[in-house]
Amino acid sequence: MTRPETVVPEAPTSPYPIHNSASIISGFGRGSSELGIPTANIPVNTELNNLPTGIYYGWCKVHPDKSKSCDSTHSRPDGKPIIFNHGNNLQIEELKVFPMVMSIGWNPFYHNREKAAEIHIIQNFKSGDFYGAKVEYIVLGYIRPELNYTTKEALIEDIQLDIQIAKKILERKEYAEYEKRLD
Ligand code: RBF
Ligand code: MG
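To keep things clear, this report deals only with the structure shown in the data block. (Residues numbered from 1 in each chain as written. Chains lettered and ligands numbered in written order. Predicted model: local features only at pLDDT ≥ 70, side-chain atom pairs only at ≥ 80, totals over all residues. Heavy atoms only, no water.)

**Considering the coordination of the magnesium ion (ligand 2)**
Coordination sphere of the magnesium ion (ligand 2), protein contribution only: Thr39 (O), Thr39 (OG1) and Asn41 (OD1), at 2.1 to 2.6 Å. Here Thr39 falls in the partly exposed class, since its relative accessible area comes to 28%. The exposure class assigned to Asn41 is buried, which follows from its relative accessible area of 11%. (Donors = N, O, S within 2.8 Å, 3.2 Å for Na, K, Ca; no water. Buried < 20%, exposed > 50% of the residue type's maximum accessible area, 1.4 Å probe, protein only.)

**Focus: the site of ligand 1**
For ligand 1, the set of nearby residues contains 20 residues, the closest of which are Asn107, Phe109, Glu118, Arg144 and Leu147. At 3.3 Å, a side-chain N or O of Arg30 approaches an oxygen atom of ligand 1. Leu147 is positioned such that a nitrogen or oxygen atom in its backbone is 2.7 Å from a nitrogen atom of ligand 1. In isolation ligand 1 has 540 Å² of accessible area, and contact with the protein removes 99% of it. (Near = heavy atom within 4 Å. Polar contact = N/O pair within 3.5 Å; in protein donor to acceptor, adjacent residues only side chain to side chain. Areas by Shrake-Rupley, 256 points an atom, 1.4 Å probe, with all protein chains shown as cover.)

**Side note on the sheet that holds strand S8 (residues 134-144)**
Strand order across the open sheet formed by six strands is S1-S8-S3-S6-S7-S2, with antiparallel pairing between neighbours. Edge positions in the open sheet fall to strand S1 (18-23) and strand S2 (40-42), since each of these has one partner strand only. Across the sheet, the mean angle separating the axes of adjacent strands is 35° when strand polarity is ignored. Sheet contacts for helix H3 (residues 152-171): strand S3 (54-63), strand S6 (97-105), strand S7 (116-121) and S8; angle to S8, the most-contacted strand, approximately 100°. (Pairing = 2+ DSSP bridges. Helix = DSSP H or I, 4+ residues; strand = E, 2+ residues; numbered from the N terminus. Axes fitted to C-alpha atoms, helices over the stretch in contact; angles between N-to-C directions. Contact = heavy atoms within 4.5 Å.)

Set out below in structure tokens:
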């Protein structure tokens, strides 16, 4: 399937906005290392599970979990140890509201067996990862279905296009105003 054109309504319409928060879990670790596009993985709750699989846009904000002051180590399914710092290393300017793109689905390019929900925050985080932090998100619309690709480069190119589309839509007044809803 080739990428369909993204059609955006004047303003967010039902079922959007979808406003919620989740704890960041560990994924496959491919986003940063293989694609250069880090994603914060979150559990697929009922609300996200009920959406068609595909790529979405909206706003998000990371909240450090201050109740967990100590780092803890979890083992990823492939055995790699992952340090959960619960976002307590983040800089103050990294705690603002940022635009985001969210992927919900099976990652056909990687043949995942489990459905995943992942948020790419459109911001260059300089202070490292933040497993175990809370991410508050507000989904405002849909960009496209998940697609398969013949090369990793083609997947990266489409994700870069998603990012540009999301940034542009979120500048519109009807979408920009939702930024204020994230406390
Ligand atoms: N994976 C796919 O297999 N097909 C896609 O069309 C696809 N689109 C994505 C779009 C965005 C904005 C993001 C953040 C991810 C997308 N992914 C897609 C998921 C990607 O494969 C995944 O983030 C990495 O494999 C890391 O888990
Ligand atoms: Mg990830």
